[in-house]
Amino acid sequence: MAFAVDAGVLRFGEFKTKAGRMSPYFFNAGLFDDGARLGRLAEFYARRLIDSGLEFDMLFGPAYKGITLAAAVAIELARLGRNVPYAYNRKEAKDHGEGGTLVGAPVKGRVLIIDDVISAGTSVRESIAMIKAAGATPCGVTIALDRQEKASENGVDAEHSAVQFVERDLGLSVVAIATLADLLAYLRAQQDARLAGNLPAVQAYRDRYGVQM
């Protein structure tokens, strides 16, 4: 958490989510925007994946944020002695050159999807469809942050989170570097009064929109 806060990727204030909620914090992985930050993030992903014991043969990064993440994490995994191929998709298919929507290594075997967060599960469902169409098997999803909050379905709060939907309904394991529970623990342990002052708002948000774990 300290890394995300120091990098300005995790911010506190008032932010409107895709579900229309006003969130007291915002996580934007697009702000891991230089080599040092991206390399450090990739290290967190790689070590979390290795520690999880999840078995996979390659990485798949859905456009757009997943593309950079897949490449960076593949490099870090190789540095740690686990060299795996990676691929990603284009938003629009090419009608020249190699054509198609998939770029990179051939999509085959057990494929791990990598993204920053799971908001509604749409990106995951689209990735699953592409992976299966290529004849491969989606085996899991890895993300930077699990918000552990209720999904919104047609404007109504569900009893499950988007991550729980992926696990229960889509049958994929989800490996997260950090969770909302980790964020709360980080704020509770803060000596910095400025950061600690965000705890009541984040806790209230968790109490209102959090899911049972």
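The rules behind the values
Residues numbered from 1 in each chain as written. Predicted model: local features only at pLDDT ≥ 70, side-chain atom pairs only at ≥ 80, totals over all residues. Heavy atoms only, no water. Axes fitted to C-alpha atoms, helices over the stretch in contact; angles between N-to-C directions. Helix = DSSP H or I, 4+ residues; strand = E, 2+ residues; numbered from the N terminus. Parallel < 35°, antiparallel > 145°, perpendicular 65-115°, else oblique. Left-handed = near helix turned anticlockwise from the far one by under 90°. Contact = heavy atoms within 4.5 Å. Nonpolar A, V, L, I, M, F, W, Y, C, P; charged D, E, K, R; others polar. UniProt positions renumbered as here; feature names shortened; annotations may be inferred. Buried < 20%, exposed > 50% of the residue type's maximum accessible area, 1.4 Å probe, protein only. Pairing = 2+ DSSP bridges. Salt bridge = Lys/Arg side-chain N within 4 Å of Asp/Glu carboxyl O.

### What to know about the packing of helix 2 (residues 35-52) against helix 3 (residues 65-79)
Thinking step 1. Close contact between helix 2 and helix 3 brings their axes to 8 Å; oriented N to C, the two are set at 65°. Classified by the angle between their axes, helix 2 and helix 3 sit roughly perpendicular to one another. Along this stretch, helix 2 crosses helix 3, giving a crossing that reads as right-handed. Side by side, helix 2 and helix 3 meet where Leu38, Leu41, Ala42, Glu43, Tyr45, Ala46, Arg47, Leu49 and Ile50 of the first sit next to Thr68, Leu69, Ala72, Val73, Glu76, Leu77 and Arg79 of the second.
Thinking step 2. Among the residues making up the contact of helix 2 with helix 3, the classes are represented as 11 nonpolar, 1 polar and 4 charged.

### With respect to the UniProt feature "binding site: orotate" (unreviewed entry) in the protein chain
Thinking step 1. As annotated in UniProt, the feature "binding site: orotate" (unreviewed entry) corresponds to Phe26, Phe27, Ser119 and Arg147 in the numbering used here. A maximum C-alpha distance of 12.4 Å places the annotated residues, which cover 122 residues in sequence, within one compact spot.
Thinking step 2. By secondary structure assignment, the location of Ser119 is in the loop between strand 6 (110-114) and helix 4 (122-133).
Thinking step 3. A relative accessible area of 41% places Ser119 in the partly exposed class.
Thinking step 4. In contact with Ser119, not counting residues within four places along its chain, are Lys18 and Ala162.
Thinking step 5. Along the chain, Arg147 turns up in the loop between strand 7 (137-146) and strand 8 (150-153).

### Focus: the pairing of strand 2 (residues 22-27)
Thinking step 1. Direction of pairing for strand 1 (residues 10-16) relative to strand 2: antiparallel, over a ladder of 5 bridges. Counted as the bridge partner of Phe15 is Ser23 from strand 2.
Thinking step 2. Adjacent in sequence and paired antiparallel, strand 1 and strand 2 are bridged by 5 residues, among which Gly20 carries a positive phi angle near 85°.

### Brief notes about the pattern of salt bridges
Thinking step 1. Evaluated as defined, the whole model comprises 12 salt bridges.
Thinking step 2. Two residues, Asp116 and Lys65, come together in a salt bridge whose shortest N-O distance is 3.4 Å. In this pair, Asp116 is assigned in the loop between strand 6 and helix 4 and Lys65 in helix 3, connecting sequence segments 51 residues apart.
Thinking step 3. Between Arg79 and Glu76 there is a salt bridge; the shortest N-O distance is 2.7 Å. In this pair, Arg79 and Glu76 are both assigned in helix 3, 3 residues apart and thus about one turn of the helix distant.
Thinking step 4. Taking relative accessible area as the criterion, Arg79 reaches 54% and is therefore assigned exposed.
Thinking step 5. Ionic contacts of the salt-bridge type, sharing partners, join the residues Arg21, Arg147, Glu149 and Asp157 into one network.

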